[in-house]
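# Structural characterization, general
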Amino acid sequence: MPETSDAVAEAVARRSYGKLVAILAARTRDVAGAEDALSEAFAAALADWPRHGVPDNPEAWLLAIARRKRIDASRHDKVTTAAGDLLRLIAEELQDMSSETRPIPDQRLSLMFACAHPAIEPGIRSPLILQTILGFNAQAIGSAFLVAPATMGARLSRAKAKIKAAGIPLRVPDRSELPARLSPVLEAVYGAYAGGWTDPAGVDASLRNLAGEAIWLGRLIAELLPQEPEALGLLALMLYSHARQAARRDQHGEFVPLAEQDIALWDHPMITEAETLLLRASKLGGVGRYQLEAAVQSAHIDGRRSGSTDWPAIVQLYDGLCAITNSPVALINRAIAVAETQGPAAGLAALPTADNRLAEYQPCWAARAELLARLGDISAADTAYSRAIGLEADPAVRRFLQKQRNRLRPASR
């Protein structure tokens, strides 16, 4: 069945958002203006394409419309746009429009490193990359970073204004500048991958193909910085995870946990590539977050293949990860590993409880429920499962958690 024009516009928006924002903002450094022009272009597409059909090159069509919208906006903005600047902008945009049949250059990497410029507040660099490159809204980013959407929106707006006011160049910086900007770039790429990972069936249009885009960006960064162990570690981590994508749902679309996955469905060449990357990273010196997370994935995969998981080694890896990140998510995963080595009581004691952010975090409640069930505290486990089910957005995972909860009921009769 052919795609509707709305579906095509949606697909182009998802695939090309960051690419088009980057090229629109390359000269003016006005990221917010580029986003506004592109939003108008997408609105024009939704109005035009159902009547006249989808153009042969929808990406080029959107870019041309966005450029015209930006020129129109500059014409009306007489207070801030000098006549000479306006004429120069028009000349440059018309020159680019005259060659719309050429492939559109991909300047996303340049925009990513611009968003990680030292002049940008450190805590907003990764969220800014997620919005400008991948089109995440303030609500989604705020949820990921545990910040109120209004607060996140204000911070993002200030950061975009800073890029324009300070004249931060949209380019890949000199090699000597790259390492200092790398951390927020990697964090944003991993955030994008995690967003796509939560939608393995591809039912959420806003997340569709996001994991693949993140891997593409990860490869680009690893090629740019082949001696940076964390760049290699992140790519290895994403590949380890992505290699198991086909096994995460059964033929009926039901969630399958790692311990029950059919390893024949794993992408073993991808796992081999991840192992090679992780080995390369380990020889470059320095251990970081992504290498440790990739090593955890490697240990789990080895455990499923061999039938015996090295849980003490996984606990040690999480010890290192928690020391580096102090992440409550890492602490939860460490607690699950502790339960495998020291029993459910030790695992429950290791679960973080002081972090208020975890009150709305489903995996924390699911882990608590499982450990309570193993301890025989059926009532408390039932309550925790109820909380986890209520917080989970994925219907397949909700059904899995409900099945786990149902197993408690015969024991409570």
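Note that the structure is a prediction, hence the values are computed from the model and not measured.

For the rest of this paragraph, the subject is the overall build of the protein chain. Summing up its helical and strand segments, the protein chain has 20 helices and zero strands in all. Within the span of the protein chain, comprising 413 residues, buried residues form 47% of the whole. Of the roughly 19,900 Å² of accessible surface on the protein chain, 53% is carried by carbon and sulfur atoms.

Let us look at the packing of helix α15 (residues 328-342) against helix α17 (residues 362-375). Where α15 contacts α17, the axes come no closer than 10 Å and their chain directions differ by 15°. Here α15 lies roughly parallel to α17, going by the angle between them. Between α15 and α17 the crossing geometry is left-handed. Contact residues: α15 offers Ile 332, Ile 336, Ala 339 and Glu 340, while α17 offers Pro 363, Cys 364, Ala 367, Leu 371 and Arg 374. When the residues that make up the contact of α15 with α17 are grouped by side-chain class, the tally is seven nonpolar, no polar and two charged.

Note that Thr 132 resides in helix α6 (residues 122-134). Sequence separation of Thr 132 and Tyr 17 is 115 residues, and the distance between their C-alpha atoms is 7.9 Å. Once residues lying within four places of it in the same chain are set aside, the contact partners of Thr 132 are Tyr 17, Gly 18, Val 21, Val 31, Glu 35, Leu 111, Cys 115 and Lys 160.

Okay, the pattern of salt bridges next. Tallied over the entire structure, the rule returns 14 salt bridges. Measuring nitrogen to oxygen at the nearest pair gives 3.4 Å for the salt bridge that ties Arg 181 to Glu 177. Look at Arg 181 and you get buried, because its relative accessible area is 5%. Since its relative accessible area comes to 27%, Glu 177 is described here as partly exposed.

This part takes up the side chain of Gln 297. Relative to the helices and strands, Gln 297 resides in helix α13 (residues 289-306). If we ignore the near neighbours within four places in the chain, the residues touching Gln 297 are Leu 237, Tyr 240, Ser 241 and Arg 244.

Turning next to the nonpolar core. Formed by 94 residues in total, the largest nonpolar core has its most connected members in Met 112 and Ile 221. With residues up to four places along the chain from it excluded, the contact list for Met 112 reads Ile 129, Ile 133, Val 185, Val 189, Leu 217 and Ile 221. Within the second largest apolar cluster, 21 residues are counted, among which are Ala 381, Ala 384, Leu 401 and Leu 408.

Only a minority of non-glycine residues have a phi that is not negative, and only a minority of peptide bonds are not trans. Positioned with a positive phi, Asn 326 is a non-glycine residue whose angle comes to about 50°. Here Asn 326 is to be found in the loop between α14 (311-325) and α15. Owing to a relative accessible area of 60%, Asn 326 belongs among the exposed residues under this scheme.

One pass over the structure, following the stated rule, counts three aromatic pairs. Residues Phe 255 and Phe 400 carry aromatic rings whose centres are separated by 5.0 Å and whose planes lie at 70° to one another, so their mutual orientation is edge-to-face. Of this pair, Phe 255 sits in the loop between α11 (229-242) and α12 (268-282) while Phe 400 sits in helix α19 (residues 395-406); the two residues are 145 residues apart in sequence, bridging distant segments of the chain.

Before going further, it helps to examine the side chain of Glu 59. Positionally, Glu 59 belongs in helix α3 (residues 58-76). We classify Glu 59 as buried; its relative accessible area is 15%. One polar contact links Glu 59 to Lys 19, side chain to side chain, over a distance of 3.4 Å.

The pLDDT averaged across the protein chain works out to 83; a share of 84% of its residues lies at or above 70. Counted against residues more than four places away or in other chains, residues 89-95, with its pLDDT under 50, gives nine contacts. Here residues 97-102 is modelled with pLDDT under 50, and outside its nearest four sequence neighbours on either side it reaches seven contacts, counting other chains as well.

Let us look at the environment of Asp 355. Locating Asp 355 in the fold gives a position in the loop between α16 (344-350) and α17. Here the alpha-carbon distance between Asp 355 and Pro 328, two residues 27 residues apart in the chain, equals 7.4 Å.

Cut-offs and rules
- Residues numbered from 1 in each chain as written.
- Predicted model: local features only at pLDDT ≥ 70, side-chain atom pairs only at ≥ 80, totals over all residues.
- Heavy atoms only, no water.
- Helix = DSSP H or I, 4+ residues; strand = E, 2+ residues; numbered from the N terminus.
- Buried < 20%, exposed > 50% of the residue type's maximum accessible area, 1.4 Å probe, protein only.
- Areas by Shrake-Rupley, 256 points an atom, 1.4 Å probe, with all protein chains shown as cover.
- Axes fitted to C-alpha atoms, helices over the stretch in contact; angles between N-to-C directions.
- Parallel < 35°, antiparallel > 145°, perpendicular 65-115°, else oblique.
- Left-handed = near helix turned anticlockwise from the far one by under 90°.
- Contact = heavy atoms within 4.5 Å.
- Nonpolar A, V, L, I, M, F, W, Y, C, P; charged D, E, K, R; others polar.
- Salt bridge = Lys/Arg side-chain N within 4 Å of Asp/Glu carboxyl O.
- Core = buried A, V, L, I, M, F, W, Y, C linked by side-chain atoms within 4.5 Å.
- Phe/Tyr/Trp six-rings, centres within 6.5 Å; stacked < 30°, edge-to-face > 60°.
- Polar contact = N/O pair within 3.5 Å; in protein donor to acceptor, adjacent residues only side chain to side chain.
- pLDDT = per-residue confidence, 0-100.

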